[in-house]
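The residues making up each chain are set out below.
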Amino acid sequence: GPFLIPLKSRNADIYQVRGQYPPAGGLMTARDTANFKISEFFCPHCGKGSDVIKQQLIDALQKIRTDRGLPMSITSGYRCEEHNRAIHGAVHSAHLEGSAADVSDPQGKLKVWMAPRLEDYGLWMESPKDTPSWCHLQIRPVAGGRIFRK
């Protein structure tokens, strides 16, 4: 069967797959879930993301979607450096490595629901003070707590 070989990368969770899965390309790519298509997480500027976005992130969002029973709209997933600069994203944004997603949250209900549950889902959330109409969730740990300031 397949086995994983860690690649030398600044992203410790990128693996090269040897064996049957995936059949082409050599790098493990994320897959669709019941409610999310991987293409929802692609960079709107360059269209890339299938070999960058982390399955762990998509799986956590799917679990939230299932547990809440409410639709979720991804407004930002993976970002290439050029797009991240253009929208004034953080220089070391987790979006650049495919480990963050922004979810539309105009009324703040998702942020309120998530705050006490972040650890349960293995996520960190940007402070609601910095994200007025969306909820930024990421799998990359941040020092100082599950809710962080930019």
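Preceding block: the structure.
Computed from a predicted structure; not experimentally measured.

1. Thoughts on the overall build of the protein chain
Across its full length, the protein chain carries four helices and seven strands. Per-residue burial for the protein chain yields a buried fraction of 43% across its 150 residues. Within the protein chain, residue pairs in contact and separated by at least 24 positions form 51% of the contacts whose partners lie at least 6 positions apart.

2. Here's the deal with the environment of D32
Take D32: it is sitting in the loop between β2 (15–18) and α1 (55–68). Put simply, D32 and D59 are 27 residues apart on the chain and 9.2 Å apart in space, counted from C-alpha to C-alpha. The residues touching D32, leaving out its near neighbours within four places in the chain, are K37 and I38. In terms of polar contacts, D32 uses its side chain to reach the backbone amide nitrogen of I38, at 2.7 Å.

3. A word on the pattern of salt bridges
Opposite charge on two side chains lets them pair, provided their charged atoms get close. Following the criterion strictly, the structure yields five salt bridges and no others. Linking E97 and R140 is a salt bridge whose minimum nitrogen-to-oxygen distance equals 3.4 Å. Placement of the pair is E97 in the loop between α2 (81–86) and β4 (100–104) and R140 in the loop between β6 (134–138) and β7 (147–148), with a sequence separation of 43 residues.

4. Section: the packing of aromatic side chains
Inspection of the entire model under this criterion finds two aromatic pairs. Ring centres of F36 and F41 lie 6.0 Å apart, and the angle between their planes is 65°; this geometry places the pair in the edge-to-face category. With respect to class, F36 is no different from F41; both count as buried. In this structure, R117 is placed above the aromatic ring of W113, and the distance from its NZ or CZ to the ring centre is 4.2 Å. A cation over an aromatic ring shows up here: R146 above the ring of W124, its NZ or CZ 3.9 Å from the ring centre.

5. As for the pairing of β4
Counting buried residues in β4 gives four out of five residues, a clear majority hidden from the surface. As paired strands, strand β3 (residues 74–76) and β4 are joined by two bridges and run antiparallel to one another. Paired with I74 across the strands is V103, a residue of β4. As judged from the five bridges shared by β4 and β6, these two strands associate in the antiparallel manner. Across the sheet, S104 pairs through a bridge with W134, a residue of β6.

Each value, and the rule that gives it
- Residues numbered from 1 in each chain as written.
- Predicted model: local features only at pLDDT ≥ 70, side-chain atom pairs only at ≥ 80, totals over all residues.
- Heavy atoms only, no water.
- Helix = DSSP H or I, 4+ residues; strand = E, 2+ residues; numbered from the N terminus.
- Buried < 20%, exposed > 50% of the residue type's maximum accessible area, 1.4 Å probe, protein only.
- Contact = heavy atoms within 4.5 Å.
- Polar contact = N/O pair within 3.5 Å; in protein donor to acceptor, adjacent residues only side chain to side chain.
- Salt bridge = Lys/Arg side-chain N within 4 Å of Asp/Glu carboxyl O.
- Phe/Tyr/Trp six-rings, centres within 6.5 Å; stacked < 30°, edge-to-face > 60°.
- Lys NZ or Arg CZ within 6 Å of the ring centre and 35° of its normal.
- Pairing = 2+ DSSP bridges.

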